[in-house]
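The primary structure of each chain is shown beneath.
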Amino acid sequence: MTVELAVLIPPAIIVALIVFNLMGFIDACAAFDRLSLDAVVAHGVAPSGTQTEATGASEVQAAIASALGREGTCEVSVSVEDVDSGESSSAFVVSPLLRRFVCRLTYKPWPSSVRMPGITLDAPLALSHERSIVVDRYRPGVVV
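Below is a summary of the structure that appears in this document.

Regarding the sheet that holds strand E1 (residues 74-82)
The pairing of strands in a sheet happens through backbone hydrogen bonds and is either parallel or antiparallel. Ordered by their spatial adjacency, 3 strands build an open sheet running E1-E2-E5, and the pairing between neighbours is antiparallel. Of all the strands in the sheet, just E1 and strand E5 (127-136) have a single pairing partner and so form its edges. Within the sheet, the average angular offset between the axes of one strand and its neighbour, ignoring direction, is 20°. Here 10 bridges tie strand E2 (residues 98-107) to E5, and the two strands are oriented antiparallel to one another.

Notes on the nonpolar core
If you look at the biggest cluster of nonpolar residues, it comprises 24 residues, and the most contacted ones within it are Val60, Ile64, Val78 and Leu105. Looking at this core, the elements with two or more residues in it are helix H1 (2-44), helix H2 (53-68), E1, E2 and E5. Those residues in contact with Leu105 that sit more than four places away from it in its chain are Ala28, Cys29, Phe32, Leu68, Cys74, Glu75, Val76, Leu127, Ser128 and His129.

Brief notes about the packing of aromatic side chains
One pass over the full model with this rule turns up 1 aromatic pair. Between Phe25 and Tyr107, the ring centres sit 5.8 Å apart and the planes meet at 55°, which makes this aromatic pair tilted. Placement of the pair is Phe25 in helix H1 and Tyr107 in strand E2, with a sequence separation of 82 residues. Overall, the relative accessible area of 14% leaves Phe25 in the buried class.

What counts and how
- One numbering rule holds for all chains: residues counted from 1, following each sequence as written.
- Only residues with pLDDT of at least 70 are given local features in this predicted model, and only at 80 or more are side-chain atom pairs given and counted; all residues enter the totals for whole chains, interfaces and linings.
- No hydrogens and no water enter the side-chain calculation; it runs on all heavy atoms of the structure.
- Here, a strand pair is defined by DSSP locating no fewer than two bridges between the strands.
- By definition, any uninterrupted DSSP run of H or I lasting at least four residues is a helix, any uninterrupted run of E lasting at least two residues is a strand, and each is numbered from the N terminus.
- For helices, the fitted axis covers only the stretch in contact; all axes are lines through C-alpha atoms, and the angles between them, taken along N-to-C directions, range from 0 to 180 degrees.
- As used in this record, nonpolar core signifies buried Ala, Val, Leu, Ile, Met, Phe, Trp, Tyr and Cys residues forming a set joined through side-chain atoms within 4.5 Å.
- Accessible area is worked out with a 1.4 Å probe on protein chains only. A residue is then buried under 20% of its type maximum, exposed over 50%, and partly exposed in between.
- Contact criterion: two residues are considered in contact whenever any of their non-hydrogen atoms come within 4.5 Å of each other.
- Stacked, tilted and edge-to-face are the three classes applied to pairs of Phe, Tyr and Trp rings, where Trp contributes its six-membered ring and a pair requires centres within 6.5 Å; stacked means planes under 30 degrees apart, edge-to-face means over 60, and tilted covers the rest.

Dropping the structure here:
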């Protein structure tokens, strides 16, 4: 039984670490989806100070990162782009000033590599999750 236990414990530890990291990633993604929408509506549409895309993106990123509270394992990045309607200028566009906020969550698994006798586990560099939110610049609180 000692040999069977010695053979069984390393794979059981590896499976437990994979499940632990997967649950941490799922939890971070669920919180990130909620927080990113709230941060874009609250800070991205009408940022304080200079109202530029860079200011809005930095405020949204700071709001998500502080509300998420996972500094060691998660990184947040936000980019902003104008939404092109793809139509000619002669057509009537209901809302021509739409912005797309692309929020990215990068999760770093713990530990990044495990080496045991007979088993080597190298986790991917990072797992990522992306959320894209389109808002109107002149109608705060409206998500398209």
